[in-house]
Amino acid sequence: MLTGSRKILLIGGGGHCRSVADALIRSDQYDAIGIVDKHADDSEKMFGKIPVVGVDDDLPILKKDGWNFAFVTVGSVGNTDLRRKLFSGIASLGFRIPNIADPSAVVSENSTFGKGIFIGKNTIVNAGSVIGDAAILNTSSVIEHDCQIGAFVHVSPGAVLCGGVRVGDDAHIGARAVVKQYLTIGDKSIVGMGSVVIRDIGSDVTVVGCPAKPVV
Ligand code: JB3
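This section reports on the structure supplied with the text. Numbering of residues begins from 1 in every chain and follows the order in which that chain's sequence is written. Only residues with pLDDT of 70 or above have their local features reported here, since the model is predicted, and side-chain atom pairs are shown and tallied only from 80 upward, although totals for entire chains, interfaces and linings are computed over all residues. In computing side-chain values, all of the structure's heavy atoms are included and hydrogens and water are not.

**Regarding the overall build of the chain**
Counting its secondary structure elements, the chain contains 3 helices and 24 strands. The atom set for the radius of gyration is the C-alpha atoms, and the globule formula is 2.2 Å times the number of residues raised to the power 0.38. Over its C-alpha trace the chain gives a radius of gyration of 17 Å, about what one expects of a compact globule, namely 17 Å for 216 residues. Across its three principal axes, the chain shows a C-alpha extent of roughly 55 × 35 × 30 Å. Here the chain holds 216 residues, and the buried ones make up 47% of them. A contact between two residues is defined here by any heavy atoms of the two lying within 4.5 Å. A separation threshold of at least 6 residues defines the contact pool for the chain, and within that pool the share at least 24 residues apart is 30%. When the accessible surface of the chain is split by element, carbon and sulfur atoms take 52% of a total near 10,100 Å². In this text, helices come from DSSP runs of H or I with a minimum length of four residues, and strands from runs of E with a minimum of two, each type numbered from the N-terminal end. Throughout, exposure labels follow a simple rule: accessible area from a 1.4 Å probe, protein chains only, divided by the maximum for the residue type, with under 20% read as buried, over 50% as exposed, and the rest as partly exposed. Computed with the Shrake-Rupley method and a 1.4 Å probe, the accessible areas treat only the protein chains shown as cover for residues.

Structure representation (structure tokens):
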């Protein structure tokens, strides 16, 4: 093992991984990047730069080989069970789980962050926000001041959370949705693409439209 080296494994080598890998390559903070997928696939070399180095069962040996960081790159659109399982797997194996932000993101130093969080290109996190573990704040989303984003939330591209919005664990905010100031979106709820939320949303509810209403 190379003492002091920073080698990171990306867990899941699909579309979301491509976004995370691109941010990693642009930020240039790791000595090596490898992918761990469900299936071994020697042909997959993301952008011709990142090899698949193993499958989930190989994680203990990869850790012994000096891969000291890991990050879940399986995404989620609605169901976070697999992300949760993979996250607790790498945590229990003792991997360091960083946050990864594209260099173009604007992130307030006066917000607080868990671990395993992805912040995509041109995303803004404004002051006083609290972001939970493994949240995905995707491309060009806006997390305004004093928002509270739960664990495993996905804020999709272009979504806007106006100030003071609370989003419960495992919730999904669809692309270009807008949530008015100081509202609460409950755990596991889904806000459809382009919706405009003007009232609190309970837990485990799907809402769509403008104004957003529950799907029956
Ligand atoms: O909404 C946006 C902008 N992005 C979505 C993202 C957040 O979530 C994207 O459009 C997709 O809907 C989704 O991306 P994801 O999760 O990368 O999906 P997909 O492109 O289907 O790739 C999933 C990858 O995870 C595949 O390479 C699978 O083989 C791999 N995979 C599935 N199960 C797994 C496992 N990998 C590991 N290591 N372990 C598993 O159990």
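**A few points about the packing of aromatic side chains**
Stacked, tilted and edge-to-face are the three classes applied to pairs of Phe, Tyr and Trp rings, where Trp contributes its six-membered ring and a pair requires centres within 6.5 Å; stacked means planes under 30 degrees apart, edge-to-face means over 60, and tilted covers the rest. One pass over the structure, following the stated rule, counts 2 aromatic pairs. On the numbers, 5.3 Å between centres and 80 degrees between planes, the contact of Tyr 30 with Phe 69 is edge-to-face. Note that Tyr 30 is positioned in the loop between α1 (15–27) and β2 (32–37) and Phe 69 in strand β5 (residues 69–72), a separation of 39 residues in sequence. With a centroid separation of 5.4 Å and 85 degrees between ring planes, the pair formed by Phe 87 and Phe 152 is classed as edge-to-face. With Phe 87 in helix α3 (residues 81–92) and Phe 152 in the loop between β14 (148–149) and β15 (154–155), this residue pair connects regions lying 65 residues apart in the sequence. You can call Phe 87 buried: its relative accessible area is 9%. A ring is scored as having a charge over it whenever the NZ atom of a lysine or the CZ atom of an arginine sits within 6 Å of its centre and within 35 degrees of its normal. The lysine or arginine in question, Arg 6, covers the ring of Tyr 30, its NZ or CZ lying 4.6 Å from the ring centre.

**Details of the side chain of Ser 108**
Within the secondary structure, Ser 108 is located in the loop between β7 (106–107) and β8 (112–113). Classification of Ser 108 by relative accessible area gives buried; the value is 13%. Within the local environment of Ser 108, its side chain forms a polar contact with the backbone nitrogen of Asn 110, the two atoms lying 2.8 Å apart. With residues up to four places along the chain from it excluded, the contact list for Ser 108 reads Phe 113, Val 125, Asn 126 and Ala 127. Throughout this description, a polar contact denotes any pair of N or O atoms lying within 3.5 Å of each other; where both atoms belong to protein, one of them has to be capable of donating a hydrogen while the other can accept it, and for residues adjacent in sequence the pair is counted only when both atoms sit in side chains.

**Comments concerning the side chain of Asn 138**
Its place among the elements puts Asn 138 in the loop between β12 (136–137) and β13 (142–143). Exposure remark for Asn 138: the relative accessible area of 8% places this residue in the buried category. Apart from the residues within four sequence positions on either side, Asn 138 is in contact with Phe 118, Gly 120, Thr 123, His 154, Val 155, Ser 156 and Pro 157.

**Observations concerning the sheet that holds β7**
Note on pairing: DSSP must find at least two bridges between two strands before they are called paired. With parallel pairing, the 6 strands of this open sheet are ordered in space as β7-β10-β13-β16-β19-β22. Only two strands of the sheet have a single partner each, and these edge strands are β7 and β22 (196–197). Two strands pair when backbone bridges link them, and strand β19 (residues 178–179) and β22 are joined in this way by 2 bridges, in the parallel orientation. Across the sheet, residue Val 178 finds its bridge partner in β22, namely Val 196.

**Some remarks on the pairing of β5**
Covered by surrounding structure in β5 are Phe 69 and Phe 71 together with Ala 70 and Val 72, the residues of both alternating faces. As paired elements, strand β1 (residues 7–11) and β5 share 4 bridges and run parallel to each other. Paired with Ile 8 across the two strands is Phe 69, which belongs to β5.

**Details of the sheet that holds strand β17 (residues 166–167)**
The 5 strands lie next to each other as β8-β11-β14-β17-β20, forming an open sheet whose pairing is parallel. Strands at the two margins of the open sheet, each flanked by one partner only, are β8 and β20 (184–185).

**Observations regarding the site of the ligand**
The near set for a molecule or strand comprises every residue that places at least one heavy atom within 4 Å of it. Taken together, 20 residues sit near the ligand, with Gly 15, His 16, Asp 37, Asp 56 and Gly 75 positioned nearest. Within the backbone of Gly 14, one N or O atom sits 3.5 Å away from an oxygen atom of the ligand. Measuring from an oxygen atom of the ligand, one finds a backbone N or O atom of Gly 15 at 2.8 Å. Relative to its free-state accessible area of 830 Å², the ligand is covered by the protein chains to the extent of 66%. Every element with two or more residues in the shell around the ligand is listed here: α1, β2 and α3. A class-by-class count of the residues in the shell around the ligand yields 7 nonpolar, 10 polar and 3 charged. Only Asp, Glu, Lys and Arg are considered charged, only Ala, Val, Leu, Ile, Met, Phe, Trp, Tyr, Cys and Pro nonpolar, and every remaining residue, Gly among them, polar.

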